[in-house]
Amino acid sequence: MTYSDDVLGRARVGETPELKAYYERLAGHEAGALWTVANEIEPWYPQPKSVPTHWSYADLRPLVLESLDLVKADDAGRRVVMLVNPGRKDISAAVGMLYTGLQVMGPGESMTAHRHQAAALRFVVEGQGAWTVVDGQKLKVGPRDFAITPNWTWHEHGNESDDAPVIWQDGLDIPLVNAHDAGFYEVHPNHYQERGQVVNSSLLTYGAGELRPYGFADGWTKPYSPLFAYPWEQAYPALLNAARATDGSPYDGVILEYSNPLTGGSVMPTLGAHLQMLRPGEATQAHRHTGSVIYNVAKGSGHSVIAGRRFDWTEGDIFCVPSWAWHEHANASAGDDAVLFSFNDFPVMRSLAFWREEAYLDNDGHQPTN
Ligand code: GTQ
């Protein structure tokens, strides 16, 4: 093999028997020659191992439900079917440094409390009666509600419905934590947390948008949102309102960020989340940026073109956009809106000064598809 590149300043050393022997001697000392890997470890632009992937909810749902009979929640710890990117089986990532899975809880089931270094979020796909206790606070969540479990907060989940399972999507930064060798995990000493009396207390305290607690409940110094639940019944009307007043983004349609009401920033230091609406017939233009995104189709159907590949999606489907991949979205319906929930690692990209963004300028902003 030759390591060559025509461009001045890039590694372009051929391989001779002398060099080969030299590399072997270096390897014998846990060392190596930079020029044999330079072009690979310092690429011109991002070269994600993750590939654009679409997971059909219609295909996965029966498999997820099957696990209810196959494993007890208590034995599994969490009963989750994880979604694994074909290019990132090595680290159980769905895309980039993001993990995602579909968690199922049977009627009346509850799971014990634990906490970990990874931050988590939930987007409820189906079923009434889901609850989670996060740092002693009980949250009830229904379909299309979004909730967070910041890192190192105690959490336990359950389903208090008496007839139907709950399926929600988990999103965590597990691969990111592991890439930094920073993982910790603890089981709650009493298995269950003491709970505050008031359900959804963070929502009652901090959930009124621009109306914030004044002179009480202050002193919040934690690096994540004091608001733990973001109900669909508030988020969807907010999208509809914004759609009346603005054209939105050329790349994302009308898009809102779930934010920390005290800072206006992302909900957690490592994970951000959005809700976006593609109006009837809307097709966005393509752009690309650093950072990875996992989408859940909250409402409607349509398609996305990601790195030149078309993926058709409908409610409950999940798909991902790897870092620096061109992507654009289109609503299939001329009469109904389509809504995408998504979460991302943008806060990491921004805080490390890795953020870059670019518009696709050719062909009226649309990629050719193959
Ligand atoms: O609910 O705590 O999908 O710890 C993966 C790891 C869910 C959770 C997952 C977890 C959890």
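Per chain, the residues get numbers from 1 upward, laid out in the order the sequence is written. The predicted nature of this model means local features are confined to residues of pLDDT at least 70 and side-chain atom pairs, given and counted, to a pLDDT of 80 or more, with totals for whole chains, interfaces and linings taken over all residues. Hydrogens are left out, water is left out, and the side-chain values use all remaining heavy atoms of the structure.

Taking an unreviewed UniProt entry as the reference, the protein is identified by name as Cupin domain-containing protein belonging to Streptomyces chiangmaiensis.

1. Considerations on the sheet that holds strand β5 (residues 120–126)
Our working rule: The pairing criterion for strands is at least two bridges between them, as found by DSSP. Numbering of helices and strands runs from the N terminus; a helix is a DSSP stretch of H or I covering at least four residues, while a strand is a stretch of E covering at least two. By the convention used here, residues are in contact when the closest approach between their heavy atoms is within 4.5 Å. Axes here mean lines fitted to C-alpha atoms, for a helix over just the part in contact, with angles spanning 0 to 180 degrees between N-to-C directions.
Pairing in this open sheet of six strands is antiparallel, and the strands run β2-β3-β10-β5-β8-β12 from one edge to the other. With partners counted over all chains shown, the strands left at the sheet margins are β2 (80–82) and β12 (229–230), one partner each. Sheet topology places strand β8 (residues 146–149) next to β12; two bridges connect them, and they run antiparallel. Paired with Ala 147 across the bridge in β12 is Ala 229. Where helix α3 (residues 57–70) meets the sheet, its contacts fall on β2, β3 (99–105), β5 and β10 (166–172), and the angle it forms with β3 comes to roughly 55°.

2. Some details on helix α1 (residues 17–27)
Condition: Relative accessible area decides the class of each residue, using a 1.4 Å probe on protein chains only: under 20% of the type maximum gives buried, over 50% gives exposed, and in between gives partly exposed. By construction, the arc corresponds to the directions joining the helix axis to the C-beta atoms.
Along α1, the residues classified as buried are Leu 19, Tyr 23 and Leu 26. When α1 is viewed along its axis, its buried side chains cluster within an angular range of 60° and face the same direction. Exposed positions of α1 whose direction lies more than 90 degrees from the buried face are Pro 17, Glu 18, Glu 24 and Arg 25.

3. Here we look at the site of the ligand
Here is the rule we go by: Being near a molecule or strand, for a residue, means having at least one of its heavy atoms within 4 Å of it. Polar contact criterion, stated in full: a pair of N or O atoms within 3.5 Å, where within protein one must be able to donate a hydrogen and the other to accept it, and residues adjacent in sequence count only if both atoms are side-chain atoms. Only the protein chains shown count as cover for residues, and the accessible areas themselves come from Shrake-Rupley with a 1.4 Å probe.
Taken together, the residues surrounding the ligand are Arg 78, Val 80, Tyr 99, Gln 103, His 114, His 116, Arg 122, His 155, His 157, Asp 170 and Leu 172. At 3.0 Å from an oxygen atom of the ligand is found a side-chain nitrogen or oxygen belonging to Arg 122. Taking His 157, its side chain carries an N or O atom lying 2.9 Å from an oxygen atom of the ligand. Here the ligand has 290 Å² of accessible area as a free molecule, and 90% of this is covered by the chains. Those elements that provide at least two residues to the shell around the ligand are β3, β4 (114–116), β9 (155–159) and β10.

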